[in-house]
Amino acid sequence: MADESGRRDARPGRRRLAAVAVLLSAVLPAGCGGEEGGGAPVVNLYNAPQQNLARIVERCNGLAKGAYRIVLNTLPRGADDQREQLVRRLAAEDRGLDVLGLDVTWTAELAEAEWIREWTGEYARRAREGTLQRPLDTATWRGRLYAAPYNTNVQLLWYRSDLIPEPPSTWTGLMRASARLAAAGEPHYGEVTGAQYEGVVVWFNSLVASAGGRILSPDGEHVALGRPALQALRTMRDFARSPAADPSLSNTREDDARLAVESGRAAYEVNWPYVHASMAANRPDLVRHFRWAPYPGITGAGRSPLGGANFAVSRYSEHPDRSFRAALCLRDPESQRIAATLDGLPPTIASVYRSAGMAEAYPMRDAILRALETAAPRPQTPTYQNVSTVTAVTLSPPASIDPPETLARLRSLIGDALQSRGVLP
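The structure reproduced in this document is the subject of the present report. These numbers come from a predicted model, not from an experiment.

1. Brief notes about the nonpolar core
Residues W119 and L330 are the most contacted members of the largest nonpolar core, which totals 50 residues. With 6 residues, the top contributor of residues to this core is helix α12 (residues 320-330). Excluding residues within four positions of it along the chain, L330 makes contact with L45, I56, V57, C60, I70, V99, Y150, F311 and S335. L181, L225, A232 and V270 belong to the second largest nonpolar core, which has 45 residues in total.

2. Quick notes on the pairing of strand β7 (residues 156-160)
Counting buried residues in β7 gives 5 out of 5 residues, a clear majority hidden from the surface. What you see with β7 is no split at all: L156, W158 and R160 on one side and L157 and Y159 on the other are buried throughout. As paired elements, β7 and strand β9 (residues 266-271) share 4 bridges and run antiparallel to each other. Bridging across to β9, L156 finds its partner in N271. Bridge count between β7 and strand β10 (residues 290-293): 4 bridges; the pairing is antiparallel. Residue pairing in the sheet places Y159 in a bridge with R291 of β10.

3. Describing the sheet that holds β9
Pairing in this open sheet of 4 strands is mixed, and the strands run β8-β9-β7-β10 from one edge to the other. Looking along the sheet, the strands with just one partner apiece sit at the ends: β8 (189-191) and β10. The average undirected angle you get between the axes of adjacent strands in this sheet is 20°. Two strands pair when backbone bridges link them, and β8 and β9 are joined in this way by 3 bridges, in the parallel orientation. Paired with G190 across the strands is Y268, a residue of β9. Where helix α7 (residues 171-183) meets the sheet, its contacts fall on β7, β8 and β9, and the angle it forms with β9 comes to roughly 160°.

4. A closer look at the packing of helix α5 (residues 121-128) against α12
Put simply, α5 and α12 touch, their axes get as near as 11 Å, and they point 15° apart. Taken together, α5 and α12 sit at an angle that is classed as roughly parallel. Handedness of the crossing formed by α5 with α12: left-handed. Here Y123, R126 and A127 of α5 come into contact with α12, specifically with D321, F324, R325 and L328. Residue composition of the contact of α5 with α12, by class: 4 nonpolar, no polar and 3 charged.

5. A short note on the sheet that holds strand β3 (residues 99-103)
With mixed pairing, 5 strands are arranged side by side in an open sheet as β2-β1-β3-β11-β6. In this open sheet, the two edge strands, each paired with only one partner strand, are β2 (69-74) and β6 (148-154). The average undirected angle you get between the axes of adjacent strands in this sheet is 20°. Sheet topology places β3 next to strand β11 (residues 306-313); 5 bridges connect them, and they run antiparallel. Bridge assignment links D103 to a residue of β11, and that residue is A309. Against the sheet, helix α2 (residues 53-64) touches β1 (42-47), β2 and β6, its axis set at about 165° to β2.

6. Section: the side chain of T406
Structurally, T406 can be placed in helix α17 (residues 403-418). On the accessibility criterion, T406 (9% relative accessible area) is buried. When neighbours within four sequence positions are excluded, T406 is seen to be in contact with L233, T394, L395 and I401.

7. A short note on unusual backbone geometry
Trans peptide bonds make up the majority, and among non-glycine residues the majority have a negative phi. Of note, the amide linkage connecting S396 to P397 takes the cis form, showing an omega dihedral of -10°. Mapped onto the secondary structure, P397 falls in the loop between α16 (384-394) and α17. If you check the backbone angles, E93 has positive phi at about 55° while not being a glycine. Of note, E93 is situated in the loop between α3 (79-91) and β3. Phi is positive for R142, close to 55°, though the residue is something other than glycine. Its place among the elements puts R142 in the loop between β4 (140-141) and β5 (144-145).

8. Concerning α16
Burial within α16 is extensive, with 8 of its 11 residues counted as buried. When we look at burial in α16, the residues that qualify are Y384, Q385, N386, V387, S388, T391, A392 and T394. Contacts from the buried residues of α16 go to α3, α8 (198-210) and α17.

Definitions and cut-offs
Residues numbered from 1 in each chain as written. Predicted model: local features only at pLDDT ≥ 70, side-chain atom pairs only at ≥ 80, totals over all residues. Heavy atoms only, no water. Core = buried A, V, L, I, M, F, W, Y, C linked by side-chain atoms within 4.5 Å. Buried < 20%, exposed > 50% of the residue type's maximum accessible area, 1.4 Å probe, protein only. Helix = DSSP H or I, 4+ residues; strand = E, 2+ residues; numbered from the N terminus. Contact = heavy atoms within 4.5 Å. Pairing = 2+ DSSP bridges. Axes fitted to C-alpha atoms, helices over the stretch in contact; angles between N-to-C directions. Parallel < 35°, antiparallel > 145°, perpendicular 65-115°, else oblique. Left-handed = near helix turned anticlockwise from the far one by under 90°. Nonpolar A, V, L, I, M, F, W, Y, C, P; charged D, E, K, R; others polar.

In structure tokens form, the structure reads like this:
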């Protein structure tokens, strides 16, 4: 994402946050930093559920040789619940938070609130070394590095080659393919995340970027919706009203899309790479027909959504140096290889894509790397949660979009959302 020049006055927001901290300090624990039983200093890691993260933690604890001991604390499964827990504890200046696993959209919010530490010197050099540029951009705010990219993600078009021999490159082409399949009595739905949540915002953002536009100005201060957004809204509306649309589109999330294709009801989906391993495990009879192609565009090549997670260090950590070292180990090439091959999390370090086991786990790894070159990040702003919420509500359900009217409403509501300096909506 582009660097931003000029620092906005955050003092009013800081005063509100201080008031929140006073209220929350009475109900939240003070944290469990320090040492356990006189042993190595504890570094508390808070991260989203990940099946094999404990294995990575164990490896890093062995490499630390007693300098510290990482303790894994698992956040709730939902991204909104994860963010809420972290924000509330940071507002209470909880000293038990050390290394924080952040969604890529949270960096600006927590950095602007001064709740996470800047990565500088040797720590920053090591975090940047060999890291792909798009993931690195998500860890940067106002030209400064505030996190170390742990994993990344892009969506691709996943399709059944027995139904669609040549994948279309545009959404219009997909709609035509669905109409042809429907006329032939074949599975014809195209699955996309149309439910009222972050998934529909991801869809809209990538369509806007594919049309050459953006939701916010590069500095994140102003609404930038224009003709590309109008094209994006027309595409969403047209798709939602076409034979391609699953009747449950307005309730569809990533796993719903995955299951629709695995069940044989749908011919294709736009989704994250984890769907390939799921298809291989659940429908070995179909996986030979399950192919991937670039994310569809409006008039040509599309720009894939950009996802992933970063590791940050809490401002209130009592062991910041140990926390930086722990975070670097948790996202080093071997840790990323383990996360990629065992948990389906694409690496942020370029060299890992050629490491042992990656060819088997990621037969589409070259497509992922190509998609990362042009992937569309979501708007970078401290008020992203507010922007995302009003966008999802306005776009739901996609079949009810009235492009000019919806665009005007989005411009107004997102403009209002940008004026909110609070981070606890």
